[in-house]
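# Fold and geometry: a report
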Amino acid sequence: MTDPASTGTVRHANKRGAARLAAVQALYQMDVSGSGVFEITAEYETFRLGKEVDGALYREADAQWFRAILTGVVENQKTIDPVIRQALTEDWPLSRLDSTLRAILRAGCYELMKREDVPVAVIVSEYVDIAKAFYEEDEPKLVNAVLDRVSRRVRGEGRGKDA
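Reference entry: report on the structure contained in this document. (Residues numbered from 1 in each chain as written. Predicted model: local features only at pLDDT ≥ 70, side-chain atom pairs only at ≥ 80, totals over all residues. Heavy atoms only, no water.)

### Topic: the packing of aromatic side chains
Inspection of every chain in the model, using the stated rule, returns one aromatic pair. Between the aromatic rings of Tyr44 and Phe66, the centroid separation amounts to 5.6 Å while the plane-to-plane angle is 25 degrees, which identifies the pairing as stacked. Highlighted residues: Tyr44 in helix H3 (residues 37–48) and Phe66 in helix H4 (residues 63–87), separated in sequence by 22 residues. Of the two residues, Tyr44 and Phe66, neither departs from the other in class, the shared state being buried. The ring of Trp65 has Arg16 sitting right over it, with the charged end atom 3.7 Å from the ring centre. The ring of Tyr44 has Arg48 sitting right over it, with the charged end atom 4.9 Å from the ring centre. (Phe/Tyr/Trp six-rings, centres within 6.5 Å; stacked < 30°, edge-to-face > 60°. Helix = DSSP H or I, 4+ residues; strand = E, 2+ residues; numbered from the N terminus. Buried < 20%, exposed > 50% of the residue type's maximum accessible area, 1.4 Å probe, protein only. Lys NZ or Arg CZ within 6 Å of the ring centre and 35° of its normal.)

### Quick notes on the side chain of Thr100
Positionally, Thr100 belongs in helix H5 (residues 99–114). Not counting residues up to four positions away in its chain, the partners in contact with Thr100 are Val24, Tyr28, Phe134 and Tyr135. (Contact = heavy atoms within 4.5 Å.)

### Overview of the nonpolar core
In terms of nonpolar packing, the biggest core is built from 48 residues, with Phe66, Ile69, Leu70, Ile84, Ile104, Tyr127 and Val143 touching the most fellow members. When contributions to this core are tallied by element, the ones reaching two or more residues are helix H2 (15–33), H3, H4, H5, helix H6 (120–134) and helix H7 (139–155). Residues contacting Ile104, with those up to four places away along its chain left out, are Val24, Tyr127, Ile130, Ala131, Phe134, Tyr135 and Val143. (Core = buried A, V, L, I, M, F, W, Y, C linked by side-chain atoms within 4.5 Å.)

### Digging into the pattern of salt bridges
Counted under the stated rule, the structure contains ten salt bridges. Here Lys15 and Glu60 are joined by a salt bridge, their closest N and O atoms 3.0 Å apart. Of this pair, Lys15 sits in helix H2 while Glu60 sits in the loop between strand E2 (56–57) and H4, and the two are 45 residues apart along the sequence. The partly exposed category is assigned to Lys15, whose relative accessible area is 45%. Relative accessible area serves as the criterion here: at 52%, Glu60 is assigned to the exposed category. (Salt bridge = Lys/Arg side-chain N within 4 Å of Asp/Glu carboxyl O.)

Pasting the structure below:
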């Protein structure tokens with residue numbers, strides 16, 4: 001993992017982009033801590049979104065978008081996870097991915113499946129950028145490939161070949 005500021009390629013997130021990043025972080029936190037969606041939502045809205053935490057300033061985020069992603073992933077996880085599993089190769093089951101990568105894919109998949117008002121290219125690009133904030137190796141490419149496959153499956157849109 002790298003610090004995105006050290007690469008010089010940081011794009012400043014808009015409020016929805018900041019909400020997506022916060023939602024991924026919250027989903028990760030829920031996954032590793034076992035905390036519930038209401039507890040995490042309250043924590044982020046009260047102490048993190050647009051606030052300074054341990055010397056780092058969280059960007060102002062669209063709180064409604066943050067809540068929609070977080071609750072949407074939780075409410076639809078039983079339909080989201082099988083869609084992600086189908087888009088992964090057989091040798092990479094969802095359970096083998098680390099919690100951050102699972103959170104990114106779940107949030108991106110939720111938007112592709114339930115937010116038809118948002119263009120596929122925007123969703124894929126935003127979540128690839130989030131992956132680049134946490135990883136410098138192949139993970140952003142994996143996020144791109146999986147979300148592209150999901151977009152073709154659920155929206156009939158995408159760039160690559162069918163899996």
